[in-house]
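Architecture and fold: a report
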Amino acid sequence: MPTFEVNDHKYEVDEDGFLQEPGIWNETVASDFATTEGVTDLTEAHWKVIHYLRNYYLQFGIAPMIRKVCKETGFKLNEIYQLFPSGPAKGACKLAGLPKPTGCV
Amino acid sequence: MPTFEVNDHKYEVDEDGFLQEPGIWNETVASDFATTEGVTDLTEAHWKVIHYLRNYYLQFGIAPMIRKVCKETGFKLNEIYQLFPSGPAKGACKLAGLPKPTGCV
Amino acid sequence: MTPKPKRITDIGPPNYEKFLPPVVKRNYGQWKYHEILSPGVLVHVAESGEKLYTVRAASPRLLSVHTIRLFADLADKYCGGYLRFTSRNNVEFLLTDEKQIEPLKGDLAAAGYPVGGTGRTISNIVHTQGWVHCHSSATDASGLVKSMMDGLFPYFAEEKLPAKLRIAVACCLNMCGAVHCSDIAVLGVHRRPPKVRHDILPNVCEVPTLIASCPTGAIRPATVNGKQSVEVIEEQCMYCGNCYTVCPAMPLNDPDNDGISIWVGGKVSNARSTPKFTKLAIPFLPNNPPRWPEVVEAVEKIVTTYAEHAKPFERLGEWIERVGWPRFFQLTGFEFTRYHIDDFKHAGLTFARSAHLKF
Amino acid sequence: MTPKPKRITDIGPPNYEKFLPPVVKRNYGQWKYHEILSPGVLVHVAESGEKLYTVRAASPRLLSVHTIRLFADLADKYCGGYLRFTSRNNVEFLLTDEKQIEPLKGDLAAAGYPVGGTGRTISNIVHTQGWVHCHSSATDASGLVKSMMDGLFPYFAEEKLPAKLRIAVACCLNMCGAVHCSDIAVLGVHRRPPKVRHDILPNVCEVPTLIASCPTGAIRPATVNGKQSVEVIEEQCMYCGNCYTVCPAMPLNDPDNDGISIWVGGKVSNARSTPKFTKLAIPFLPNNPPRWPEVVEAVEKIVTTYAEHAKPFERLGEWIERVGWPRFFQLTGFEFTRYHIDDFKHAGLTFARSAHLKF
Amino acid sequence: MAEQNGKSKTKLLDELEKGPWPSFVREIKKTSDVSPTCDDLLGQLELSYEERKGHWKHGGIVGVMGYGGGVIGRYSDVPEQFPKVAHFHTMRVNQPSGWFYTSDALRTLCGIWERHGSGLTNMHGSTGDIVFLGTKTDELEPTFAELTKAGFDLGGSGSCVRTPSACVGPARCEHACYDTLKLCNDLTHAYQDELHRPPFPYKFKFKCAGCPNDCVAAVARADLSIIGIWKDEIQQDDAAVAEYAAKGLDIQKNVCEQCPSKCMNWDGKKLTIENKDCVRCMHCINAMPKALRPGKERGAAILIGSKAPIVQGALLSSVLIPFVPEAELMETLKELVSRIWEFWDEYGKNRERVGELIQRVGMANFLDAIGLDPAPEMVTAPRDNPYIFFREEAAK
Amino acid sequence: MAEQNGKSKTKLLDELEKGPWPSFVREIKKTSDVSPTCDDLLGQLELSYEERKGHWKHGGIVGVMGYGGGVIGRYSDVPEQFPKVAHFHTMRVNQPSGWFYTSDALRTLCGIWERHGSGLTNMHGSTGDIVFLGTKTDELEPTFAELTKAGFDLGGSGSCVRTPSACVGPARCEHACYDTLKLCNDLTHAYQDELHRPPFPYKFKFKCAGCPNDCVAAVARADLSIIGIWKDEIQQDDAAVAEYAAKGLDIQKNVCEQCPSKCMNWDGKKLTIENKDCVRCMHCINAMPKALRPGKERGAAILIGSKAPIVQGALLSSVLIPFVPEAELMETLKELVSRIWEFWDEYGKNRERVGELIQRVGMANFLDAIGLDPAPEMVTAPRDNPYIFFREEAAK
Ligand code: SRM
Ligand code: SRM
Ligand code: SRM
Ligand code: SRM
Ligand code: SF4
Ligand code: SF4
Ligand code: SF4
Ligand code: SF4
Ligand code: SF4
Ligand code: SF4
Ligand code: SF4
Ligand code: SF4
C-alpha cells in the first residue's frame, strides 16, 4: 500500500493518491492533500465544495452527480475546475476524502 | 343487503349467500351455512378443511390455492367435492366465512 | 322420502360423430378440394367425387330459441337436419343437393339471416358480452357489432376485399376473443382509475391478491378510517381493470371516460406472414349508443382504405407493414399521438431502430 | 520564478481540411462512383473525371511509432504524404497515380502489412484492449484477432464471400466496439460470480451505486465482520461484471471459468435489412492462448458455411434468417443448448410464436 | 312490453332493429313469450344505453352440485327496476366438437332452456361453449339434470381446463392434417375432472386447428395450441396448377412472390417448390387448393402459452414440439400435459397462466422441468444479450 | 530482451509473430528501443497468457489539469515483477475528422509519444481516438503540453461528450448525403467544454455517417446517430444500368428481389423505381454505384439512444427526426442536443445513458420534454398492448 507523507502526516493512499480509510478524514487531511491537486490555498469556496461532497457522501454513501454539485454549491462547472484544476472527481473528491470515483471513465 | 336466517340466527350475506362480515365467524356460523351448501353433517373431515381455510385466510388475507388445500388437508380434490358438493370455493370457503373468491370464473 | 335420482355428471359433450351428416361420414378426412361458388356458398369435393355444399348465414350470435328452431327447421327442410356453427358464430347448412342452395338462401334472406362471409369478405364479428351480461364492460358489444355490420354489410355479402378481414369486439381489456390478433379490433377502454370503495373493500376482497393483480404496481396497502384497505397511485394506473376483476370494491366505470379504442393489423393464420398482434390505430372514441357513428365511420375508413390499396391475398396488417405505418396514418387521416408510442414492457423494441425511412 | 507558459486547452482536434490531399479538396463532395480494382484497391471517380486510388492495408491496430513512421514514409513516397485510417483500423493510402499502386502494394507486403479488406471480404477485426490494457477483460483481444486473421487471411486478401463479413472482438460484456451488431462477434465472458473483497469494499466503493449497478438485482447490502459490505445472491448473478466496473472489490476473473462466447448474424448497415443484433452461436469455449484453436476453428466453420450457402449480397445474418436458425445449427454442427434460449427482459418475443416450421 | 303509453320503452335499442344485419335486439324481443326476463333484460339494456354504462354487479359465484364451474353468476345492480333479471346467471354448455348438430339436438337444447331459462343463448361463446344466457340460481340444478339426461354436460369456468374447441377439420376441410374433432373430443373426455373441478392456479385452454390456417385461433387463444402440419413434400398436381394459371391466377406475383420463404419457382409453365425451405405457411395451398395439398406425413405442432393481455401483456403460443405424428398425438399430449400441469401447479402463482409462468421462470428451466430438450425450432433466434446464467456444472 | 539463457522469455507470445496477419507482438517488440516499458508489457502479457488472466488493476483516476477526462489510469497488479509498467496509463487523443493525416502530422505525434510514453499506440480506439498506450502519471502534463502545442487535444473519457467520429464522407465517397467531416469537426469544437469536463450522468457519443450504409456504426454505438439520407428520388442513369446488366449483374434477382420494399421493377431492359415506397436502404445503389445515386434533396436522419449491453441490454438508436436538410443540420442539432441534455441531466440516473432513460420514462414523455411531436416514423409499429396512460386533460 503506498503512503503519502506531508506536513509530518502520513496517509495510506492508493496509487492515485486517494485516502484509503475515508473514516479518518478531517479538514487537515483536505489541506494536506490540496498540494497534490494543484490547489494552493483552500478558500471558502473550496471548503464549500469539500463540505458539500463530504456531507453528501456521509448521508448517501455515494458522491453526488456533478449537476447536483453545481446546483447545490452554486458554482458553474468551469468554476469548479478553477478551484480544483484536477477536476471534481480526482481533485475535489480526493480532498473531501471520498473513495475513488469509479465506473464511468 | 340480503339476509340469511337459520336456527334463529340472522346473517348479512351477499346475493350468493356469503357472509358479509368475515370477522363475526365462529363454528356456529359454519354449521348454520352448511345446509345451504348441501352439507348435512359437519364431520371431522369437514372441520379440517374449514379450519385450514379459516386459518390460512387469517394469516395471509387470501384463500389458499386449491393444490395447497389438498396437500395440507390430505384430501384429494374429488374428496373435497364429496365433503362440500358445491365445491371448495362456493362451499367450503362460504362455511369458513371467507370473502367470496373472485377473479377467475 | 323419494329416492334421489342418481345424478349424471362428467359425461362430457355428446360425441360429434352423432351429428355428422352421412356425406361427411362417408368422406371424412377424404376431402380433395373446395371452391367458393358464390359468397357464403362453398362446395367441397371428396376423393370419391361426392360433393358437399355449405351455405353460411349471418348470425347475431345472441340467438333466441325461436331462431335456433328456425335454423333446425331449415336444416330439416334442406339438408336432412344437419347443420353446424362456425368458429366465428355463423351458422352453416350442409347440403348435398346443389339445387337446394338458392331456395335455402331465399328462406334465410326472408327470415333476416343473409348469406355470405366466405372468402375475401368480412365475416361475422367475434365479440363478447358487453352490457348484456358482463360487469366489466366499458361498452356494449352486441350494439357495436350490429352498428358496424350494418355499415359493412356489402363486404359480407360480396367478395370485395383483397383478402379476408376479421373484426373483433371486446368490451374490456380482458379481451374475451381474439381481439389482440384481429385485422380490426374494437376495444372498450376505461380512462379513469378505479374508485376504491373503502366501505366494503375489507369484507369482500383478498387484499394481497388485489395488490398483486396490478400490472404496474399502482395499488398499495393503506389504512382508511381505521380499516385495512388500499390506495391507487393514480399516475401509475392505466385503467386495465384487472383490480376490478379480482375485487368488486374497485369499480372503474365512468360513462364520460369510458369509450372505444380501435386497433388494426393483427392476424392469426400462418398464411404468408406469422401471426401478428393488433396495433393501436385510434386511442379513444366516445361511447355513443345506440349506433356509435364515430366508431362505424372509423372502421369503414380503414376497410375502404385497405380495399383500395392492398394487393390480392394481402391481409390488412400485411398491407400496412408493406407500405409502412406512416402511410397508414396518412391515408386514413387518423392522428398519430403520444398514445400510439408503446411505453409498456417491450416498448423499446417498437422504436424505429434503423434509417429505413420513406418520405 | 520563470513565468509558467500559458496552458493551451480546449483547442479540439486539428481541422481535417489540413490533412486532405489536393485531389480530395478539388473534388470534395463531387465523387461520382467507385470501383474495386482488386482486393484492397479502390478507385473513386469524380464528376470532374479526376480519379483517386485508395490502397487499403492491414493493420494490427496496436501500432509502434516505428510502423506509423513507415506508413508516413510510404505516403511520402507514393502519395504526396497523404493517408488515412478507416473506421475498422486499416490504413489507407490515397494515390492519384494508378501506376504507383503495384509498387506500393509491394512495399507494404514486404513490410508485412498486406493489402485487402474491400468489397466482399473480411476486413480488419474491430477489437478492444484485452490483457494489453484493461482490468475487466475475460480474455485477450489482440491475440484472438491475430489468431483468427491468420486463419481467415485468404478472405481478407481475396473477394471470396457473398458479401462483407464483419468480425469484432470484445474482452468483456462492456463490449467496447460494435460486437453487439457484427456478422461474427467473439466475446470474452466470465462464468462465476464476483468474489466480494469484504476487506477493502467499504473503503473503496460507493455501496448504493454498487447495488444499483446489478441488472438482476443480485447484490444486497450485508454486514460482514461488523463492516458494511455486500453479498451476491449467486443464483441471480449472470457474471456481467457491471459491479466490478463500479467497484474494484468485486473481481470476477477466474482463469478456468473465463472464456469465449461466439455470436453471429448482426449488422449495422441499412442495406436491404435493418440493423440487427448479434445472436448467440456458441455459449462457451475455453481460453486457450496463444492461438485459441477452438475459437479459430469455430469462426472458420461459420465463415466457410456461410460462403458455401449464402446468395450474393446476403450478409451472414440475412442468410441465417432466410434459411432459419435450425438450419444454421445443423450446417455448422454447433449444439443448441439451454443457453441459446433467451431468458432476459424480452425473452418471450424470441420464442417461435407461429407454426412456420421447416423439417 | 316494447310500448308503453304508445311510446317505446326501448327507444335507443329500437334503432338497432334496423339495417341488414340480423338484430340481437329483435332476438331478445321475440323471446319475450318464452320468458319475461327478456323484458327486463331489454329494460336494463336500454338504461345502459341511456347512461352509457353497464348495470351488472361484479360476478357472483353459483353453480351446480359437485362442480366448481360452468356457471357465471350475475346480478343486476338495479334489481328494484328490473326484478326479473335480479339474478341472471349464464350456463356454459360444452359444445360437440366442431359445433355440429342435428336439428333434433338443437330442439332438445331449446326445450330445456325454454323451460328453465331466458330462452336466449349465445351460439357460441368465444371459448366455444353453448352459452345459456340468463337464469336464476334455483334453475341451475334442474337445467343441469335435464342437460345431462339429454347427453350434454357443462363447460368450464374458473381455474380449470376450459372447454376445448376445434376447427371443422377432416369433417369438411381438405387441409386437415389430423383429426381435430376426435382430438378435441378425446381431450375433453380425458379431462372431465379437471374441467369441472378447478384444480389449477388459473384457466387452461386447448384449441385444435387442423392446419396452419388456424381457423380456431389456437395460436392466440389457447394455453396449448395444437396445429396440424405435415413433414414431407407438398402434394402437387401440375395439370391443376396450369388450370389455375389459365383461369387468370398470377402465379408469379400472387403465389411465388408472396411465399414467405421464397422457395417457389414458376417459369410460366412449371411450378417447382424447394420443399426443404418451405415453412408450411399454407399460402400457396390456399391459393390453389385443387393443385396443391399438404404432404402425406401428417401430424401436428404443439405450441404453448397464448392468452389475452391480463396481466403482463398478451402472448402468442410458441413452438414446444415441432411435429408429432397424428397417431401419437393423444398419447404425447397426455404425457406432456401431465408434466406441464405438475410444474405449473407447483410453481404457478395465483392467476398466472402457463405462458406467463414460462416467461417468468425462463423457457430453458421450463423445458428442463417437463423433460424436453431445447431445440432451435422453439425460437425465432437465439438470445442477443450476453446475460447467460451458466450452470455450476458447466463452469468448472 | 526476448531471450534469456538462450530461452525466449515470451514463448507463448512468440507464437503470435507467425502467420500472414501483421503481429501486435512484433509491434511491441520492435518498440523496445523507444521505451523499456515495452519489455515489461510483453513480460506481463506473457504471464497473462500463461495464467489465462489479466494483470491490470481496476481503473485508476489520473489526468491533466483542468480536464476531467482523456486519460485512462492503469496500474499493474504485479508491479514487483514488471516495475516499468507499474503505471501504464493511456491517453486518448482526439483524431482529426475522418482519420485523415499528413505524414508530417503523424511524425509529430510519434515524436511526442516517443519522448513521453511507450511508443505504442492504437490507431485508433473504438470510439475513434488516437490512443497513446502506456505512460506514467508524471508524463501526462508534458505530453499534453506538447500535444496542444502541435495542435492536438485530448479526447473524452468519463461522463462527458465522447470524441465524435465520422465516416470518410464527401472526402472520398459518392454516397455522402451531408458533410460528415465538417459536422463531426463542428460538433467536436462546439462541445469542447462538455468533452473535457464531464457534466453528465454518463457518457454521450456522437457518430456521423454519410448515408444509410453507416460505415461508422453510428446506429449501434452512438447516443446520437446522424445518418445521411435523401428525400427525393434516386438519381438513375439508364445507360449505366444496362451496362451493369450486360456485365452480368442479375438485376432481377440481386437487385429487385433483394430490395426490402420491393419497389423496383426490371423488365429486362428498363429499371423502374417506385420511389415513394423506397426505404432508402442503399442496396440498389451499392450494387450499381455508377448507375444509381442518392437523390438531390439531401440531409440526415437523427437517431437516438444506441449503446452496448450494460446495464439493461444493448440498444440500437431509433428515429428521432426523420429528415433535416443538410443546411440546417448543425443548428438543429445544437438546439436539439441542448434540450436532450437538459432533460437527461435533470432526470437521468447515475450511469444511465440517454437511451436507457428514454426506455424508462417512455418515448412520449421524452418527446414532450424536448418539444418534439410524436410521428409514426419513430416507431416500427404503434403499441400492441392496451395499457395506455391517458392524460387527465384527454379524459373528461
Ligand atoms: C368454417 C371455419 C372453420 C370452423 O371450424 O368453423 C373456416 C373454414 C375455412 N377456412 Fe378458415 N375458417 C374459419 C375461421 C377462420 C379463422 C378464425 C377466425 O376468423 O377467428 C381464421 C384465422 C383468421 C386470421 O388469420 O385472423 C381462418 C383463416 C383461414 C385462412 C387464412 C387466410 C389468410 O390468408 O390469412 C384460410 C385460407 C384461405 O382463405 O384461403 C382459410 C380457409 C378456410 C377454408 C377455405 C378451408 C377449407 O378448405 O374448407 C374454409 C372455408 C373458408 C371461407 O370462409 O372461405 N381459413 N379461418 C371458420 C369460419 C368462420 C366464419 O364463420 O367466418
Ligand atoms: C473506409 C470506410 C469508411 C471510413 O470512414 O473508414 C468504408 C468505405 C466504404 N464503404 Fe463502408 N466503409 C467502412 C466501414 C463500414 C462499416 C463499419 C464497420 O465495418 O464497422 C459498415 C457497416 C458494416 C455492417 O453493416 O455491419 C460498412 C458498410 C458498408 C456497406 C453496406 C454493406 C452491406 O451490404 O450491408 C457498403 C455498400 C457496399 O459494400 O456495397 C459500404 C460501402 C463502402 C464504400 C464502397 C463507399 C464508397 O462508395 O466509397 C467504401 C469502400 C468500401 C469497401 O471496403 O469496399 N460500406 N462500411 C470503412 C472501411 C472499414 C475497413 O477498413 O474495412
Ligand atoms: C362468455 C365469454 C365472452 C363471450 O361473450 O363469448 C367470456 C366472458 C367473461 N370472461 Fe372471458 N369470456 C369468454 C372467452 C374468453 C376468451 C376467448 C377464448 O377462450 O378463446 C378469452 C381470451 C383468451 C384467454 O383465455 O386468454 C378470455 C379472456 C378472459 C380474461 C383474461 C384472461 C387472461 O389471462 O388475460 C378474463 C379475466 C379473468 O380470467 O379474470 C376473463 C373473464 C371473463 C368474465 C368471467 C368476467 C370476469 O372477470 O369475471 C366474463 C363473464 C362474462 C359474463 O358475464 O358472462 N376472460 N375470455 C367467453 C366464454 C364463453 C364460452 O365459454 O364459450
Ligand atoms: C479504449 C477502448 C477500447 C479500445 O481498445 O478501443 C475502451 C476501453 C474501455 N472502455 Fe469502452 N472503450 C472504447 C470504446 C467503447 C465503445 C465503442 C464506441 O465508442 O464506439 C463502446 C460501445 C458503445 C457504447 O458506448 O455503448 C464502449 C463501451 C463501454 C462500456 C459500456 C457502456 C454501456 O453503456 O453499456 C464501458 C463500461 C463503463 O462505461 O463503465 C466501457 C468502459 C471502458 C473502460 C474504461 C473499462 C472500465 O470499465 O473502466 C475501458 C478502458 C480500457 C483501458 O484500460 O484502456 N466501455 N467502449 C475504446 C475507447 C477508445 C477511444 O477513445 O477511441
Ligand atoms: S371482454 Fe371484458 S367486459 Fe367483455 S365479456 Fe369479457 S370480461 Fe366481460
Ligand atoms: S386499473 Fe389496472 S393499473 Fe389501475 S390500479 Fe387497477 S390493476 Fe392497477
Ligand atoms: S471490452 Fe471490457 S475488457 Fe475489453 S476494453 Fe472494453 S471494458 Fe476493457
Ligand atoms: S456480475 Fe453482474 S449480475 Fe453478477 S453480481 Fe455483478 S452486476 Fe450483478
Ligand atoms: S384450420 Fe386448416 S384444417 Fe382446420 S378448417 Fe381451417 S383450413 Fe381446414
Ligand atoms: S406453404 Fe407457404 S412457405 Fe411453403 S411453399 Fe407454399 S407459400 Fe411457400
Ligand atoms: S456511410 Fe455512406 S457516405 Fe459514409 S463512407 Fe459509408 S457509404 Fe460513404
Ligand atoms: S434504396 Fe433500397 S429500398 Fe430503395 S429502391 Fe434501392 S433497394 Fe429498394
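Thresholds applied
All residue numbers here refer to positions counted from 1 along the written sequence of the relevant chain. Chain letters and ligand numbers both follow the written order, the letters beginning at A and the numbers at 1. Side-chain atom pairs in this predicted model are given and counted only at pLDDT of 80 or more, local residue features only at pLDDT of at least 70, and totals for whole chains, interfaces and linings cover all residues. To get the side-chain values, take all heavy atoms of the structure and skip hydrogens and water. The predictor attaches a confidence to each residue, called pLDDT, with possible values from 0 through 100. The criterion used for residue contact is that any of the two residues' heavy atoms lie within 4.5 Å. Summed over both partners, the accessible surface that disappears when two parts come together, traced with a 1.4 Å probe, is what is meant by buried area. Any carboxyl oxygen of Asp or Glu within 4 Å of a side-chain nitrogen of Lys or Arg constitutes a salt bridge here. N or O atoms closer than or at 3.5 Å make up a polar contact, with two conditions inside protein: a donor-capable atom paired with an acceptor-capable one, and, for residues adjacent in sequence, both atoms drawn from side chains. Helix and strand assignments follow DSSP, with helices taken as H or I runs no shorter than four residues and strands as E runs no shorter than two, numbered in order from the N terminus. Nonpolar residues are Ala, Val, Leu, Ile, Met, Phe, Trp, Tyr, Cys and Pro. Charged residues are Asp, Glu, Lys and Arg, and all others, Gly as well, are polar. Strand pairing is defined by DSSP finding a minimum of two bridges between the two strands. Lines fitted to C-alpha atoms define the axes here, with helix axes fitted over just the stretch in contact, and angles between the N-to-C directions of these axes take values from 0 to 180 degrees. Note that water is not among the atoms considered, so a metal site may appear incomplete; the donors listed are N, O and S atoms within 2.8 Å of the metal, with 3.2 Å applied to Na, K and Ca. When at least one non-hydrogen atom of a residue lies within 4 Å of a molecule or strand, that residue is treated as near it. Whether a residue is buried, partly exposed or exposed follows from its accessible area with a 1.4 Å probe, protein chains only, as a fraction of its type maximum: under 20%, in between, or over 50%, in that order. The term nonpolar core refers to a set of buried residues drawn from Ala, Val, Leu, Ile, Met, Phe, Trp, Tyr and Cys, joined through side-chain atoms within 4.5 Å. Here the expected length of a helix is defined as 1.5 Å per residue gap, with one fewer gap than residues.

With that settled, the discussion passes to the confidence of the model for chain C. On average, chain C scores 96 in pLDDT, and the residues at 70 or more come to 99%. As scored by the predictor, the complex reaches a pTM of 0.96 and an ipTM of 0.96.

Take the interface of chain E and chain D next. The interface of chain E with chain D comprises 51 residues on the first partner and 48 residues on the second. For the pair chain E and chain D, the summed buried area comes to about 4800 Å², and 65% of that belongs to carbon and sulfur atoms. A per-residue breakdown of the area chain E buries against chain D is headed by E:R383, E:F389 and E:F390, which together make up 16% of the total. One salt bridge in this structure joins D:R338 and E:D368, with 3.2 Å as the shortest N-O distance. Scanning the region where chain E abuts chain D turns up 17 residue pairs in polar contact (both at pLDDT 80 or more). Elements with a contribution of two residues or more to the side of chain E that touches chain D: β10 (224–230), β15 (298–304), β16 (318–325), α13 (354–361) and α14 (363–370) of chain E. Looking at the side of chain E that touches chain D residue by residue, the classes come out as 33 nonpolar, seven polar and 11 charged.

In this section: the sheet that holds β16(E). All names here are of chain E. A sheet is described by the order of its strands in space; here five strands give the open sequence β8-β9-β10-β15-β16, paired in mixed fashion. In this open sheet, the two strands that pair with only one neighbour each are β8 (165–166) and β16. With respect to the sheet, helix α6 (residues 180–190) is in contact with β8, β9 (206–209) and β10, its orientation differing from that of β9 by roughly 165°.

In this structure, the iron atom of ligand 2 receives exactly one donor atom from the protein: F:C215 (SG), at 2.3 Å. Its location among the elements puts F:C215 in the loop between β9 (206–209) and α8 (218–221).

Okay, the arrangement of the chains next. Without any contact between them, chain A and chain B keep their closest C-alpha atoms 35 Å apart. Nowhere do chain B and chain F come into contact; their C-alpha atoms are at least 19 Å apart.

The immediate surroundings of ligand 10 are formed by 14 residues, with E:C259, E:S261, E:C278, E:C281 and E:C284 found nearest. Residues of the shell around ligand 10, tallied by class, amount to 11 nonpolar, two polar and one charged.

With that out of the way, let us pick up the pairing of strand β7 (residues 130–135) of chain E. All names here are of chain E. With six of its six residues buried, β7 lies for the most part within the structure. In terms of strand pairing, strand β4 (residues 89–93) meets β7 through five bridges, oriented antiparallel. Bridge pairing in β7 places V93 opposite I130. Summarising the sheet, strand β6 (residues 120–123) and β7 pair through three bridges and their orientation is antiparallel. In the sheet register, M123 faces β7, and the bridge partner there is I130.

Counting residues in each nonpolar core, the largest one holds 194 residues, and the members touching the most others are C:F93, D:I262 and E:I340. By size, the runner-up hydrophobic cluster in this structure holds 193 residues, among which are C:W319, C:F334, F:I302 and F:F366.

It is worth spelling out helix α3 (residues 37–51) of chain E at this point. Residue and element names in this part refer to chain E. Relative to the 21 Å expected for 15 residues at 1.5 Å per residue, α3 spans 21 Å between its end C-alpha atoms, a close match to the ideal helical length. For α3, a buried count of 13 out of 15 residues is recorded, marking the element as mostly surrounded by other parts of the structure. The positive-phi residue at the C-terminal boundary of α3 is R52, with phi of around 55°.

Inspection of every chain in the model, using the stated rule, returns 106 salt bridges over all chains. As a salt-bridge pair, A:D16 and A:K100 come within 2.7 Å of each other at their nearest N and O atoms. Placement of the pair is A:D16 in the loop between β2 (9–12) and α1 (27–34) and A:K100 in the segment after α5 (87–95), with a sequence separation of 84 residues. Exposure remark for A:K100: the relative accessible area of 12% places this residue in the buried category. Among the salt bridges present, the one from C:E321 reaches C:K276, with a minimum N-O distance of 3.1 Å. Residue C:E321 is located in helix α9 (residues 316–323), and its partner C:K276 is located in the loop between β11 (259–264) and β12 (279–286); the two are separated by 45 residues in the primary sequence.

It is worth spelling out the interface of chain D and chain F at this point. Listed by partner, the interface residues are 114 residues for chain D and 119 residues for chain F. Taken over both partners, the interface formed by chain D and chain F buries close to 10000 Å², and the fraction arising from carbon and sulfur atoms is 60%. When the buried surface of chain D facing chain F is broken down by residue, D:Y16, D:W131 and D:H133 rank first, second and third, together holding 8% of it. At the junction of chain D with chain F, the criterion picks out nine salt bridges. Note that D:D76 and F:R107 form a salt bridge whose closest N and O atoms lie 2.5 Å from each other.

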